[in-house]
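# Working through the structure, step by step
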Amino acid sequence: MPTPRLRPTFHIDLPRPPAETMEAFRRRLESDPGERHSRSMGFTADLFPEPHERRLWSPHLSIQARDDGRGGTRLHGRFAPFPEVWTFFVFVYGIAWFLFVFGAALGYAQWASGTRHWGVWLAGAGALTVAAIHLASVLGQRWGTDQMADMKGRFDRIVEEVASSTGAPTSTEP
């Protein structure tokens, strides 16, 4: 079984300019009642799972459209946790690393001065918290695999319709 990647990404190239691509993308999102929980503005779009299927570990698919330098569009897709979940994990991750570094420094200073070096417990707590966050990330990605596949399928169908309106093939790279 492959190891989950942190925030899996992919790229798709389309022959029309980014503004036209995203306008066609938006029209497709607005015309499909199944996409009522997705949104698009400017050169970005976000696909979400249905509200009744959302869990703490549910991902969303963020799409960015950029000029590919040849008059076409490069769509950059990235699966990520919802922003509030991501912010929480980054906050806890920062605290955990602070505990680790502070605890290691304090423990070393205590050990070097010949006093009881209880600071290493803070370093251990920080290290365990970092490991727990990593484990939660791996588990969340594994539990959200079906939702990621569903959103990628929805995205592929939309891109296929957008590309077929120009009559040109798309190219994909992971």
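Rules behind the numbers
Residues numbered from 1 in each chain as written. Predicted model: local features only at pLDDT ≥ 70, side-chain atom pairs only at ≥ 80, totals over all residues. Heavy atoms only, no water. Helix = DSSP H or I, 4+ residues; strand = E, 2+ residues; numbered from the N terminus. Buried < 20%, exposed > 50% of the residue type's maximum accessible area, 1.4 Å probe, protein only. Contact = heavy atoms within 4.5 Å. Areas by Shrake-Rupley, 256 points an atom, 1.4 Å probe, with all protein chains shown as cover. Axes fitted to C-alpha atoms, helices over the stretch in contact; angles between N-to-C directions. Parallel < 35°, antiparallel > 145°, perpendicular 65-115°, else oblique. Left-handed = near helix turned anticlockwise from the far one by under 90°. Nonpolar A, V, L, I, M, F, W, Y, C, P; charged D, E, K, R; others polar. Polar contact = N/O pair within 3.5 Å; in protein donor to acceptor, adjacent residues only side chain to side chain. Salt bridge = Lys/Arg side-chain N within 4 Å of Asp/Glu carboxyl O. Expected span 1.5 Å × (residues − 1). Phe/Tyr/Trp six-rings, centres within 6.5 Å; stacked < 30°, edge-to-face > 60°. Lys NZ or Arg CZ within 6 Å of the ring centre and 35° of its normal.

The number of helices and strands found in the chain is four helices and six strands. The order of α-helices and β-strands along the chain, N terminus first, is β-α-β-β-β-β-α-α-α-β. The burial tally for the chain puts 36% of its 174 residues in the buried class. Restricting to contacts in the chain with at least 6 residues of sequence separation, those with at least 24 account for 59%. Counting only carbon and sulfur atoms, one obtains 64% of the accessible surface of the chain, whose full area is about 10500 Å².

Turning next to the packing of helix H1 (residues 18-31) against helix H4 (residues 145-164). Their axes nearest at 10 Å, the elements H1 and H4 cross at an angle of 120 degrees. The angle between H1 and H4 falls in the class oblique. Crossing geometry of H1 relative to H4 is assigned as right-handed. Side by side, H1 and H4 meet where Thr21, Ala24, Phe25, Arg28 and Leu29 of the first sit next to Phe155, Ile158, Val159, Glu161 and Val162 of the second. Looking at the contact of H1 with H4 residue by residue, the classes come out as seven nonpolar, one polar and two charged.

Structurally, Gln147 can be placed in helix H4. Excluding residues within four positions of it along the chain, Gln147 makes contact with Pro49, Glu53, Arg54, Ser58 and Pro59.

So, about the environment of Gln147. For Gln147, a relative accessible area of 13% gives the class buried. Along the chain, Gln147 and Arg54 lie 93 residues apart, while their C-alpha atoms are 9.1 Å from each other.

Attention now moves to the side chain of Arg154. For Arg154, the position within the fold is in helix H4. On the basis of relative accessible area, Arg154 is assigned to the buried category, the value being 9%. Within the local environment of Arg154, its side chain forms a polar contact with the backbone oxygen of Phe48, the two atoms lying 3.1 Å apart.

Per the stated rule, a full pass over the model turns up eight salt bridges. Note that Arg28 and Glu161 form a salt bridge whose closest N and O atoms lie 2.6 Å from each other. Placement of Arg28 in helix H1 and of Glu161 in helix H4 is noted, with a sequence separation of 133 residues between them. You can call Arg28 buried: its relative accessible area is 12%. Owing to a relative accessible area of 42%, Glu161 belongs among the partly exposed residues under this scheme. Between Asp68 and Arg70 there is a salt bridge whose closest N-O contact spans 3.3 Å. Looking at Arg70, the relative accessible area reads 67%, which means it is exposed. Several salt bridges converge on common partners, so that one network encompasses Glu23, Arg26 and Arg27.

The end-to-end C-alpha distance of H1 is 20 Å, a good match for the 20 Å that 14 residues give at a rise of 1.5 Å each. Within H1, burial applies to Pro18, Thr21, Met22, Ala24, Phe25, Arg26, Arg28 and Leu29. Close packing links the buried residues of H1 with strand S1 (9-14), strand S2 (39-41), strand S3 (44-47), strand S4 (59-67), strand S5 (73-81) and H4.

Now for the packing of aromatic side chains. Inspection of every chain in the model, using the stated rule, returns 10 aromatic pairs. Ring centres of Trp57 and Trp143 lie 5.0 Å apart, and the angle between their planes is 65 degrees; on these two criteria the pair is classed as edge-to-face. Of the two residues, Trp57 is situated in the loop between S3 and S4 and Trp143 in helix H3 (residues 119-143); the sequence distance between them amounts to 86 residues. When the ring of Phe98 is compared with that of Phe102, the centres are 5.7 Å apart and the planes differ by 10 degrees; the resulting orientation is stacked. Separated by four residues within a single helix, Phe98 and Phe102 lie in helix H2 (residues 83-112), roughly one turn from each other. Given a relative accessible area of 41%, Phe102 falls into the partly exposed group. One aromatic cluster is present, built from ring pairs that chain together Phe10, Phe25, Phe79 and Phe155. Above the ring of Phe10, the side-chain terminus of Lys152 is found at 4.4 Å from the ring centroid.

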